[in-house]
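Residue-level listing of the chains:
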Amino acid sequence: MITTLVLWSHALAALLFGALALAQLRRPGGHWPQAAFVVALVATSLWALAVAGIDPGDVATRIAASARDIAWLGFMLALVRRDRAGNYALGAVYFVVMALAGTAALLAIVEQMGLNADALAALASARTVLRMMGAVSGLVLVHHLYQAAPASRGGIRLVLLALAAMWGADLIISAAVYFDARWTSMTIVANGAVMIGVAALLVVGVHRSGDWTLALSRPIAVRALSAVSLILYAGITALATHIAAGYAGSHARAVQAAIVFGATASILALLSTPWLRAWAKVKIAKHLFRHRYDYRAEWQRFTDTLGKPGVGADTLDTRVVKSIADLTDSPGGLLLVPDGTSLGLGAAWNWLGAADGPHDDALAAYLARDVRIVELDPVRAGTASADDMASVPVWLRECPEAWAIVPLVHGGALVGAIVLARPPVDRALDWEDFDLLRVAGRQAASYLAEDRAHAALADAARFDEFNRRFAFILHDIKNLVSQLTLVARNAERHADNPDFRVDMVATLKDSSDRMNVLLARLSQHGPVRGEPLQPLDVTAIVERVAIARRAQHPIVTRGGSASALGHAARLEQVLGQLVQNAVEASGADDPILLSVETVGDRVAIDVIDHGCGMTPGFVRDQLFRPFVSSKPAGFGIGAFEARQLVHAMGGSLEVVSREGEGTRFRILLPAVAAPVAHAVASLEVAA
């Protein structure tokens, strides 16, 4: 009875597949891979005839089953190759699965060579495992192609469902054979019924086919490759344990446990190795895909990294560095920002190399002019262009972690540059890297330029608010002037009146107090008058400031006599402001050092503390911006005013600060020639 059911079910399936193949041969050539489809239909018809007319366990039937699987995999591969994205990766997967089917057929042939019973049992078991692996791999590939098929293309989805049913039935039969199930014969009968349904689904699918278009993507290809790799890993492990059971004797369980443990430990170790993951990604992109990058996914990740501010999030500068570094799998990066005509240190992300060096105008000018991505390895090797060699500063050449420099240009202006760290798998940049980094650099530059424009607008808004405050102060001054004018006018007539004199004194005292308050409010923000510079005894001024502040905090002075050009009152005001900042940043017992020395043609005055210090970003972006303060009650004008006053005296103000170590403010003023300095010292002594 079972034999009859096997015969008729598979014979009917063979007839249906053959008729469908003839119908396809008569159709004009379509847009989908018709030839591969016809070959697969013919191979399936021949396999069904072999099952019906010979025997399911005959070597010819097994070879026909492998040929059928290879033909359907070839049809699916033809569909894949219609889409240009990811066809190399999926093509490699398909060839591996085809190799599994071909190996199963080869083992079926080897079984006919008169081997002993143990060898035959081992070969049969290995062939069955390969059939199961091939069926599972086929199901995985069908699943991913089903995901890639648009919902509007119902025909191709029906064809893929039919293939899933075919390989699902094969998996059940192979599992039944492997585990010596008693209902194997019934599964073969059911397989015939399934194949009749498969043929019916194919007929309907062909009728609805139209243009069998897939929307393949790189993630689908990678998932398919990963799934088939895991299937191969599991199958090889199972096959190894099965072989060990036949040859290890009484130690079979221990050997099998060692194989499973070793295989599992190996796969976990491999998957947890960052270098191996990076290497695999590079090799897959290089050898299996037309392009190194999945541009859609990379751009989504890039914009997502740039646009994620919030509580606890990195600053925009840091996010810019990270977004560019992620494109090339660089483990870190360093942002260089414009500092005058050169590039200075900016934000860093996971940067372990040298963090600063002498500022060099050549690199900034070169990047702004040519907007060129600079590879640093050819510069170190001396094979780069002459412009690259001349523009890269020494400190970057001597930093082995530095890999490439990406300029950030917006509107023709250089807003910064990113130094990328060397990726785990070292390689040279190619045209795809250059194109992607160039576009991403422009986008990142626009974010930075917009952020700085917002900061400038915020400063303008603060100045507007400050101007309104001045208007209120001027109104108060006008009222005081009116009041004093009235007192002066009445004094001419009532000067002899004792009561008037009492009121006049009270009014003058009140006006004086109010004017002192206004002057205190105005003194920090008034414009610097253009007074001529005078020779100053800098050492004497420093000593006066130290004596005035020692009652408040320990202050130490150091240095010999020095004279400079400037304004005594303004220099004393600057030193007082800097000393006050140092006192507020230091501990109660940490002394402040005031040092004076002559450096070339300038006099250097240092105010050094060992307090909390400041971050490079705060020093660069906020310290000298008006109305920005790190102190809760600070107005944020002291450092800004100090630098303005020093610049007005023809000098400069430099800052070196490290978090947790302290800060050094250095005032540099033009030095006075020796005869003039001696005259100044004599006048000070005489006074």
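Note on numbering: residues in each chain are counted from 1, in written sequence order. Where totals are concerned, whole chains, interfaces and linings use all residues; where local detail is concerned, this predicted model gives features only for residues with pLDDT of at least 70, and gives and counts side-chain atom pairs only at 80 or more. The basis for every side-chain value is the complete set of non-hydrogen atoms in the structure, without hydrogens or water.

**Notes on the confidence of the model for the protein**
The predictor reports its confidence for every residue as pLDDT, a score running from 0 up to 100. Residues at a pLDDT of 70 or more form 75% of the protein, whose mean pLDDT is 78. Contacts between residues were defined by any pair of non-hydrogen atoms, one from each residue, lying within 4.5 Å. pLDDT under 50 marks residues 524–529. Its contacts with residues more than four places away, or in other chains, come to 11 contacts. Here residues 683–687 scores under 50 on pLDDT; set against residues more than four positions off or in separate chains, the count is one contact.

**Details of the sheet that holds strand β3 (residues 374–375)**
The strands making up a sheet associate through hydrogen bonds between their backbones, and the pairing can be parallel or antiparallel. Strands are treated as partners if at least two bridges between them are detected by DSSP. Only runs of H or I of at least four residues qualify as helices and only runs of E of at least two qualify as strands under DSSP, and these elements are numbered from the N terminus. Read across the sheet, five strands follow the order β2-β1-β5-β4-β3 without closing on themselves; strand pairing throughout is antiparallel. Every other strand in the sheet has two partners, leaving β2 (342–349) and β3 as the edge strands with one partner each. Strand direction decides the pairing type here: strand β4 (residues 402–410) and strand β5 (residues 413–421), joined by eight bridges, are antiparallel. Of the residues in β5, the one forming a bridge with V409 is L414. Together, β1 (333–339), β2, β4 and β5 form the strand contacts of helix α12 (residues 316–327), whose direction differs from that of β2 by roughly 80°. Sheet strands in contact with helix α13 (residues 361–370) are β1, β2, β3, β4 and β5, and its direction is about 85° off that of β2. Convention adopted: a line fitted to C-alpha atoms gives each axis, helices being fitted over their contacting stretch, and angles between N-to-C directions are expressed from 0 to 180 degrees.

**Some remarks on the sheet that holds strand β9 (residues 592–599)**
Strand order in the open sheet made by the five strands is β7-β9-β10-β12-β11, with mixed pairing throughout. Two strands close off the open sheet at either side, each with one partner strand: β7 (555–558) and β11 (652–658). Going from strand to strand, the sheet's axes swing by 15° on average, the running direction of each strand aside. Its contacts with the sheet place helix α20 (residues 568–585) against β7, β9, β10 (602–609), β11 and β12 (662–670), and it is angled at close to 25° to β10.

**Observations concerning the packing of aromatic side chains**
Geometrically, a pair of aromatic rings is defined through the distance of the ring centres and the angle of the planes. The pairing test for Phe, Tyr and Trp rings, Trp by its six-membered ring, is centres within 6.5 Å, and the orientation test on the planes gives stacked under 30 degrees, edge-to-face over 60, and tilted for anything in between. Applying the stated criterion to the full structure yields three aromatic pairs. With centroids separated by 5.2 Å and ring planes inclined at 50°, the aromatic side chains of F37 and F75 adopt a geometry described as tilted. Here the residue F37 occupies a position in helix α2 (residues 34–53), and F75 occupies one in helix α3 (residues 59–80), the gap between them amounting to 38 residues. Burial here depends on accessible area, computed with a 1.4 Å probe over protein chains only, as a share of the maximum for the residue type. Under 20% is buried, over 50% is exposed, and the range in between is partly exposed. For F37, a relative accessible area of 0% gives the class buried. Its relative accessible area of 0% is what places F75 among the buried residues. With a centroid separation of 5.8 Å and 85° between ring planes, the pair formed by W72 and F75 is classed as edge-to-face. One end of the pair, W72, and the other, F75, are both in helix α3, three residues apart, so they sit about a helical turn from each other. Members of the aromatic cluster, joined through ring pairs, are F37, W72 and F75.

**So, the nonpolar core**
We call a set of buried Ala, Val, Leu, Ile, Met, Phe, Trp, Tyr and Cys residues a nonpolar core when their side-chain atoms join them within 4.5 Å. Ranked by internal contacts, the top residues of the largest apolar core, which has 45 residues, are F17, W72, M76, W167 and L202. It is α3 that provides the largest number of residues to this core, a total of 10 residues. If sequence neighbours within four positions are ignored, W72 has contacts with F17, F37, A40, L41, T44, L163, M166, W167 and L202. By size, the runner-up hydrophobic cluster in this structure holds 37 residues, among which are V538, A582, V603 and F665.

**Describing the packing of α2 against α3**
Taken N-terminus to C-terminus, the directions of α2 and α3 make an angle of 160°; their axes are 8 Å apart at the nearest point. Put simply, α2 runs roughly antiparallel to α3. In this structure, the crossing between α2 and α3 has a hand that is left-handed. Where α2 abuts α3, its residues A36, F37, V39, A40, L41, A43, T44, W47, A50 and V51 lie against T61, A64, A65, A67, R68, A71, W72, G74, F75 and A78. Its residues placed into classes, the contact of α2 with α3 shows 16 nonpolar, three polar and one charged. The labels follow the angle: roughly parallel below 35 degrees, roughly antiparallel above 145, roughly perpendicular from 65 to 115, and oblique for the rest. Crossings are assigned a handedness: left-handed for a near helix turned anticlockwise from the far helix by less than a right angle, right-handed for a clockwise turn. All residues other than Ala, Val, Leu, Ile, Met, Phe, Trp, Tyr, Cys, Pro, Asp, Glu, Lys and Arg, Gly among them, are scored as polar; the first ten of these are nonpolar and the last four charged.

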